[in-house]
Structure formats: structure tokens, C-alpha cells
Amino acid sequence: MALQAGGSIGENLRLVFERIRHATQQSGRSEGSVRLVAATKSVGLDQIREGITAGLMILGENRLQEALPKIEALRGEPIQWHFIGHLQRRKVRSVVGIFDLIQSVDSVELAEEIDRRAREAGLTQAVLLEVNLEGEATKAGFLPDELEGAMPSLGALPHVAVKGLMAIPPPTSDPEQARPYFRRLRELAWRLSRQQIGTVSLQELSMGMSNDYHVAVEEGATMVRVGTAIFGARRA
Ligand SMILES: *Cc1c(COP(=O)(O)O)cnc(C)c1O
């Protein structure tokens, strides 16, 4: 099914919520088990405010320089911020404690830096581990095999709370082609959970974007990250 993003932000959002609800029911999952993260890169404040009025509660940003002014401008709004882009180690200090969830932890070194900065700030930072399912050279993320070995080190960080996994499968035109990837991420989380490491919890699965979020929900996503289907096509 093609992207439906022709309406107002409010109309688009109603459609997205409706499709999430439908996919949740189809797969026998409980209502409210999936959270919508609006991907707001390159989306302006007015549009974001429109989205919040229409029911958005979680905003995902990729770039710190773009996110910080938005966070400042929207202070006081009842929203959560998630960091969903590639995070450089030298930027960790500005991210910790500002974002409710860092979805894109892609190395033990990055997790260690987050732990250090979170300790300095006197907090525990919630994170997801990004998985590079296909081992694509251009993409960040733990390789599935690598992750198993990394879990003990990740679980030993007292100021990092691992909540689950995130993945961005290779782009496809047919949403059904993404299904096997979503399934693999769910199975990986299940396998790793059996290691039962410290405070590590792998309840959250962040997967699915505008083109395929309904399939991701059917395969167990607890968070979908949707931009285009809400705000329309991004300017390049
Ligand atoms: C932009 C982005 C999305 C949303 O993509 P759309 O296809 O516009 O829905 C999701 N996740 C990440 C990490 C992104 O950068």
C-alpha cells in the first residue's frame, strides 16, 4: 500500500493511529502495546505543534544540532524525546538526560561513554541497542552475532538501562519484504533475553517506518518510527 500522507497532519495522524490499531488487533496484541514515535527531522516547529495537538506524544530526532533548539522551544509540552540518529561519542554529554531514550546505541564504547556521562549527571539513561541485521557496510549497529558477546559488558553498566532493540532494515518498495527482518529482530531479542543479564530488559522493539510500520506491528514492534506518513515528504 502506498504512503498516505496527502492530508493535513491531523488527518494523516488519525490514519496512522488507525492502521496501528488495526494491525495490533489483527495480530491479537493488546491495544496500547505500540507507541508511535514521530520522526521529526527537517520538520518545523509549527508542524510539530500541529502534531502534538493531534495526539503525538513522542518525537524522534536524528541530529543533535537540529534537536536542541526544538527541545528548548517545546519545553513544557507533554512530550518525550527520543534520539534516533547516529550518535558520536563526543556528543554524548549533550544527549544524556535530555532525551528520554537513546534508540541508536551501536557499540560498547558508546554505551560506556553514555554510562560515564549519566553517572556524572546522576541519572540512568534508557537506551535501545541498534542492530545491523544484514551487516550492511554503510549502516551502523551491532551485528546480531556480535551482540550476544557484548551483552555482559552492556549489562554491567550501572547508569545505562538497556530496554530493547532497534533496527532499520534495508529499504524495500514492498512492505512484505521487510517482514522477515522484523521477525529476525524479535527472535534475536527473545534469544538474548534468555541470557538474563543483570538489569537488561529487551521488552522494546523499535522497528517499522512509514512504508511498513503496519507489518512491523504485526511482527511485534512496540515502537514504530514514522515521519513521511505524518508530515509528508521531506525536502531533500
Ligand atoms: C527518518 C527516520 C524514520 C522515519 O522515516 P519515514 O520513512 O519518513 O517514516 C525512522 N527512523 C529513523 C532512524 C529515521 O531516520
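Not measured: the values here are computed from a predicted model. (Residues numbered from 1 in each chain as written. Predicted model: local features only at pLDDT ≥ 70, side-chain atom pairs only at ≥ 80, totals over all residues. Heavy atoms only, no water.)

Considerations on the overall build of the protein chain
Selection rule: Only runs of H or I of at least four residues qualify as helices and only runs of E of at least two qualify as strands under DSSP, and these elements are numbered from the N terminus. Computation of the radius of gyration draws on C-alpha atoms alone. For the globule rule, the value is 2.2 Å times the number of residues to the power 0.38. Each residue's exposure class comes from its accessible area (1.4 Å probe, protein chains only) as a fraction of the maximum for that residue type: buried when under 20%, exposed when over 50%, partly exposed otherwise. Every residue pair with non-hydrogen atoms within 4.5 Å of one another is taken to be in contact. Computed with the Shrake-Rupley method and a 1.4 Å probe, the accessible areas treat only the protein chains shown as cover for residues. Asp and Glu are treated as the negative residues and Lys and Arg as the positive ones, with His and the ends of the chain left uncounted. Taken as the charge location is NZ of Lys, CZ of Arg, CG of Asp or CD of Glu.
Looking only at helices and strands, the protein chain has nine helices and eight strands in total. For a compact globule of 236 residues, the expected C-alpha radius of gyration is about 18 Å, and the protein chain comes in at 17 Å, within 12% of that figure. If you line up the protein chain on its principal axes, its C-alpha atoms span 45 × 40 × 35 Å. Looking at the protein chain residue by residue over its 236 residues, the buried ones come to 52%. A separation threshold of at least 6 residues defines the contact pool for the protein chain, and within that pool the share at least 24 residues apart is 61%. Per element, the accessible surface of the protein chain, about 11,300 Å² overall, is 48% carbon and sulfur. When the 28 basic and 29 acidic side-chain charges of the protein chain are each reduced to a single mean position, those positions are 2 Å apart.

A short note on the pairing of strand 5 (residues 125-131)
Selection rule: We call two strands paired when DSSP finds no fewer than two bridges between them. Seen with its strands pointing away from the viewer, a crossover is right-handed when the path leading from the first strand over the helix to the second is clockwise.
Taking burial as the measure, the seven residues of strand 5 include seven buried ones, the bulk of the element. Side chains of strand 5 alternate between two faces, with Gln-125, Val-127, Leu-129 and Val-131 and Ala-126, Leu-128 and Glu-130 buried alike. Relative to strand 5, strand 4 (residues 101-105) runs parallel, the two sharing two bridges. The residue of strand 5 that forms the bridge with Ile-102 is Val-127. Bridge count between strand 5 and strand 6 (residues 160-167): seven bridges; the pairing is parallel. Bridge pairing in strand 6 places Gln-125 opposite Val-160. At this point the chain moves from strand 5, through helix 6 (residues 144-155), to the parallel strand 6, and the crossover so formed is right-handed.

Re the pairing of strand 6
Burial analysis of strand 6 places seven of its eight residues in the buried class, the great majority of the element. As judged from the three bridges shared by strand 6 and strand 7 (residues 204-206), these two strands associate in the parallel manner. By the bridge assignment for strand 7, Leu-165 is matched with Leu-205. This β-α-β element, strand 6 to helix 7 (residues 179-193) to strand 7, shows right-handed connectivity.

Structural notes on the packing of helix 6 against helix 7
Heads up, the condition is: The angle between two axes is taken between their N-to-C directions and runs from 0 to 180 degrees, where each axis is a line fitted to C-alpha atoms and a helix contributes only its stretch in contact. In these notes the angle categories are as follows: under 35 degrees is roughly parallel, over 145 is roughly antiparallel, 65 to 115 is roughly perpendicular, and the rest is oblique. Whether a crossing is left-handed or right-handed is set by the direction in which the near helix is turned from the far one by less than a right angle, anticlockwise for left-handed and clockwise for right-handed. Classification used: nonpolar for Ala, Val, Leu, Ile, Met, Phe, Trp, Tyr, Cys and Pro, charged for Asp, Glu, Lys and Arg, polar for all others including Gly.
Where helix 6 meets helix 7, the closest approach of the two axes is 11 Å, and the angle between their N-to-C directions is 25 degrees. By the angle between their axes, helix 6 is roughly parallel relative to helix 7. When the axes of helix 6 and helix 7 are compared, the crossing they make is right-handed. Facing Pro-144, Leu-147, Glu-148 and Met-151 of helix 6, the residues of helix 7 in contact are Leu-188, Arg-191 and Leu-192. Here the residues of the contact of helix 6 with helix 7 sort into five nonpolar, no polar and two charged.

Examining the packing of aromatic side chains
Note the cut-off: For Phe, Tyr and Trp, where Trp contributes only its six-membered ring, two rings pair if their centres lie within 6.5 Å, and the inter-plane angle classes them as stacked under 30 degrees, edge-to-face over 60, or tilted in between.
The tally for this structure, following the rule as stated, stands at one aromatic pair. When the ring of Phe-83 is compared with that of Phe-99, the centres are 5.2 Å apart and the planes differ by 85 degrees; the resulting orientation is edge-to-face. With Phe-83 in strand 3 (residues 80-83) and Phe-99 in the loop between helix 4 (92-95) and strand 4, the pair connects residues that are 16 residues apart, well separated along the chain. An identical accessibility class is assigned to Phe-83 and Phe-99; each is buried.

Comments concerning the site of the ligand
Using the following cut-off: Nearness is judged by heavy atoms alone; a residue qualifies as near a molecule or strand once a single heavy atom is within 4 Å of it. Any N or O atom pair separated by 3.5 Å or less is treated as a polar contact, with the protein-specific requirement of one donor-capable and one acceptor-capable atom, and with residues adjacent in sequence counted only for side-chain atom pairs. The rule is simple: put a 1 Å grid over the protein atoms alone, call a set of points where a 1.4 Å probe fits but cannot get out a cavity, call an open set with protein on both sides within 12 Å along at least five of seven lines a pocket, and count a residue as lining if it has an atom within 4 Å of a point. Criterion for pocket placement: a molecule counts as inside a cavity or pocket if more than half of its atoms are within 2 Å of its grid points.
The full set of residues close to the ligand is Ala-39, Lys-41, Asn-62, Ile-84, Ile-168, Met-209, Ser-210, Arg-225, Val-226, Gly-227, Thr-228 and Arg-234. A distance of 2.9 Å separates a nitrogen atom of the ligand from a polar atom in the side chain of Arg-225. With respect to the ligand, the side chain of Arg-234 contributes an N or O atom lying 2.8 Å from an oxygen atom. When the free accessible area of the ligand is taken as 390 Å², the share hidden by the protein chains comes to 90%. The site holding the ligand turns out to be the largest pocket. Per-class residue counts for the shell around the ligand are five nonpolar, four polar and three charged.

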